[in-house]
Amino acid sequence: MDLKNSILLLYFTLGLGIIQYAYAQNQTDNSFKMTNNKLIRPAYLKAGDTVAIVAPSGILKNREREINQADSLLRSWDLNVIIGEHVFSEDNHFAGTDDERCQDLQNVMDNPKVSAIWCARGGYGTVRILDKLDYTKFKENPKWVIGYSDITALHNQLHNQGFESLHALMCVSLTKDITEVQESVDTFKAALFGNTTNYDLEGSKYNRVGKASGQLVGGNLTILHTMLGSKESIDTSGKVLFIEEIGEYKYHIDRMLQSMKRAGYFDNLNGLIVGDMSKLRKNTTLWGTSIEQLILDALSEYNFPIVFNMPAGHEDDNRALVLGREITINVSKERGTITFN
């Protein structure tokens, strides 16, 4: 081989080595990002802080009692309260027009004096305003966003923006006798004030035994399903997913799980927590198995642990879960534990 060709070969070899090294470094960096993506935690509340009540979803017709009760509850914790201008507005199905609901939410997101945003109710409508929201000022003064059901859409967005949020009861969850939902209220308050509750769950013969850790994500199954393909869909890789649902047919639930599975939603999931599956509807052609067995069958090819009986969702007993927080689940047939790290 002559000198010229030798030099060319040397340059080629060096260039290939540099490319391979850069690729390896990039792979290492990506792996690091996947396992070290800790979210921003808003400041825990203290006496004198302000909570804003807004309605980004459904109409609040004849729900003044619940809003007043929510106001009183927060004030009993020595917190100040702001109620959004359009909370009681009406626009067909919604608590005001999309612009009005967005304006209320944006105003309190931007307000540096607000420490937490409590959604009055779910229903439907949050997805219609997601693309209108601006997180510029929120990032300067992060605050807790609280809700469940339709608010799952907002939780997803917050997660992908890099913030923890709180899956917990909403204003309309409050009953006339608050002792009926006392445990829900207590875990809600504890989470807001920095005393997050760990859970020791009743066992289930359907539990898939195992131990797993990861960021907690999730919420209402229908909303998680409708987020697929959008920028609000969550990458569940290395995470623990929580799901709950209300008012669906079993075959609808199976269809959503099959669709999410085909989209790769569960491929790298570390664990699954199943909350309340409430008021399931009966189809004329019966499904034939329990909802627990349906979930196990749909996810049969995966080996991550699955724990049932988490009291969270659309029942009165709706315990608070900090979404985006690192947790560990330990699952046996006799019990399940959820520990916030």
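Residues numbered from 1 in each chain as written. Predicted model: local features only at pLDDT ≥ 70, side-chain atom pairs only at ≥ 80, totals over all residues. Heavy atoms only, no water.

Visitor: Even after reading the chapter, I still don't get the side chain of Thr 126, so can you show me in this structure?
Guide: Mapping Thr 126 onto the fold places it in the loop between β3 (114–119) and α4 (136–140). Accessibility expressed as a relative area gives 0% for Thr 126, which makes it buried. Separated by 2.6 Å, the side chains of Thr 126 and Ser 57 make a polar contact. (Helix = DSSP H or I, 4+ residues; strand = E, 2+ residues; numbered from the N terminus. Buried < 20%, exposed > 50% of the residue type's maximum accessible area, 1.4 Å probe, protein only. Polar contact = N/O pair within 3.5 Å; in protein donor to acceptor, adjacent residues only side chain to side chain.)

Visitor: Teacher, can you tell me more about the sheet that holds strand β12 (residues 326–331) here?
Guide: Pairing between sheet strands relies on hydrogen bonds along the backbone, with the strands arranged either parallel or antiparallel. If you trace the seven strands from one edge of the open sheet to the other, you get β6-β13-β12-β7-β8-β9-β10, paired in mixed fashion. Only two strands of the sheet have a single partner each, and these edge strands are β6 (199–202) and β10 (306–307). Sheet topology places strand β7 (residues 210–220) next to β12; six bridges connect them, and they run antiparallel. When the sheet's bridge partners are listed, Gly 210 is paired in β12 with Val 331. (Pairing = 2+ DSSP bridges.)

Visitor: I'm lost on helix α6 (residues 182–192) in this one. Help?
Guide: Structurally, the α-helix is built with 3.6 residues per turn, so residues lying three or four positions apart point the same way. Those residues of α6 not exposed but buried are Ser 184, Val 185, Thr 187, Phe 188, Ala 190, Ala 191 and Leu 192. Buried residues along α6 sit against α2 (64–76), β3, β4 (144–147), β5 (165–167), β6 and β11 (321–323). Backbone geometry just after α6 places Gly 194 at a positive phi near 90°. (Contact = heavy atoms within 4.5 Å.)

Visitor: Just checking my understanding: could you explain the packing of aromatic side chains for this structure?
Guide: To describe a pair of aromatic rings, you give the distance between the ring centres and the angle between the ring planes. Scanning the entire structure with this criterion turns up 12 aromatic pairs. Arranged with centres 5.9 Å apart and planes meeting at 50°, the rings of Phe 94 and Tyr 124 form a pair that is tilted. Of this pair, Phe 94 sits in the loop between β2 (80–83) and α3 (98–110) while Tyr 124 sits in the loop between β3 and α4, placing them 30 residues apart in sequence. Given a relative accessible area of 9%, Phe 94 falls into the buried group. Here Tyr 124 falls in the partly exposed class, since its relative accessible area comes to 36%. Members of the aromatic cluster, each reached through a chain of ring pairs, are Trp 77, Trp 118, Phe 188 and Phe 193. Note that Arg 208 overlies the ring of Phe 304, its terminal NZ or CZ placed 5.6 Å from the centroid. (Phe/Tyr/Trp six-rings, centres within 6.5 Å; stacked < 30°, edge-to-face > 60°. Lys NZ or Arg CZ within 6 Å of the ring centre and 35° of its normal.)

Visitor: Would you mind showing me how to read the pattern of salt bridges here?
Guide: The tally for this structure, following the rule as stated, stands at 14 salt bridges. Note that Arg 325 and Glu 164 form a salt bridge whose closest N and O atoms lie 2.8 Å from each other. Pair noted here: Arg 325 is in the loop between β11 and β12 and Glu 164 is in the loop between α5 (152–161) and β5, with a separation of 161 residues, a long-range link. Arg 325 sits in the buried class, given a relative accessible area of 4%. For Glu 164, a relative accessible area of 3% translates into the label buried. Across the pair Arg 335 and Asp 200 runs a salt bridge whose closest N-O atoms are separated by 2.7 Å. Placement of the pair is Arg 335 in strand β13 (residues 335–340) and Asp 200 in strand β6, with a sequence separation of 135 residues. The exposure class assigned to Arg 335 is partly exposed, which follows from its relative accessible area of 40%. For Asp 200, a relative accessible area of 54% corresponds to the exposed category. The structure contains a network of salt bridges with shared partners spanning Arg 41, Glu 164 and Arg 325. (Salt bridge = Lys/Arg side-chain N within 4 Å of Asp/Glu carboxyl O.)

Visitor: What's the story with a negative patch on the surface in this structure? I'm lost.
Guide: A cluster of like negative charges, contributed by Asp 177, Glu 180, Glu 315 and Asp 316, occupies part of the molecular surface. Position of Asp 316 relative to the elements: it lies in the loop between β10 and β11. (Patch = residues over 30% accessible without salt bridge, like charges linked within 9 Å, V, L, I, M, F, W, Y side chains within 5 Å. Areas by Shrake-Rupley, 256 points an atom, 1.4 Å probe, with all protein chains shown as cover. Lys, Arg positive; Asp, Glu negative; His and termini not counted. Charge placed at Lys NZ, Arg CZ, Asp CG, Glu CD.)

Visitor: What's the story with the nonpolar core in this structure? I'm lost.
Guide: Considering soluble globular proteins, one finds that nonpolar side chains tend to be buried as a cluster. In this structure, Trp 118, Leu 166 and Ile 273 are the most contacted members of the largest nonpolar core, which totals 73 residues. Looking at which element gives the most residues to this core, the answer is β3, with five residues. If we skip the residues at most four places from it in the chain, Ile 273 touches Leu 216, Val 240, Leu 241, Phe 242, Ile 243, Val 307, Met 310, Ile 327, Ile 329 and Ile 338. Of all hydrophobic cores here, the second largest spans 27 residues; its members include Leu 224, Leu 241, Leu 272 and Met 277. (Core = buried A, V, L, I, M, F, W, Y, C linked by side-chain atoms within 4.5 Å.)

Visitor: I tried to follow the confidence of the model for the protein on my own but got confused; where do I start?
Guide: The predicted coordinates ought not to be read in detail in places where the model reports low pLDDT. Averaged over every residue, the pLDDT of the protein is 91; the share at 70 or more is 89%. For the stretch residues 3–36, pLDDT sits under 50, and the model shows four contacts to residues farther than four places along the chain or on other chains. (pLDDT = per-residue confidence, 0-100.)

Visitor: I would appreciate a short explanation of the state of the cysteines in the present structure.
Guide: Covalent bonding between the sulfur atoms of two cysteines is what defines a disulfide. Counting across every chain of the model gives zero disulfides. Distance from the sulfur of Cys 119, which forms no disulfide, to the nearest cysteine sulfur (Cys 171) is 8.4 Å. Assessed through its relative accessible area of 0%, Cys 119 is described here as buried. (Disulfide = S-S within 2.5 Å.)

Visitor: Would you explain the pairing of β13 in this entry?
Guide: Within a regular strand, the side chains alternate between the two sheet faces. By the bridge criterion, four bridges tie β6 to β13 in an arrangement that is antiparallel. Directly across from Tyr 199, in β13, lies its bridge partner Ile 338. As paired elements, β12 and β13 share five bridges and run antiparallel to each other. Residue pairing in the sheet places Val 331 in a bridge with Gly 336 of β13. The loop that links β12 with its antiparallel partner β13 comprises three residues.

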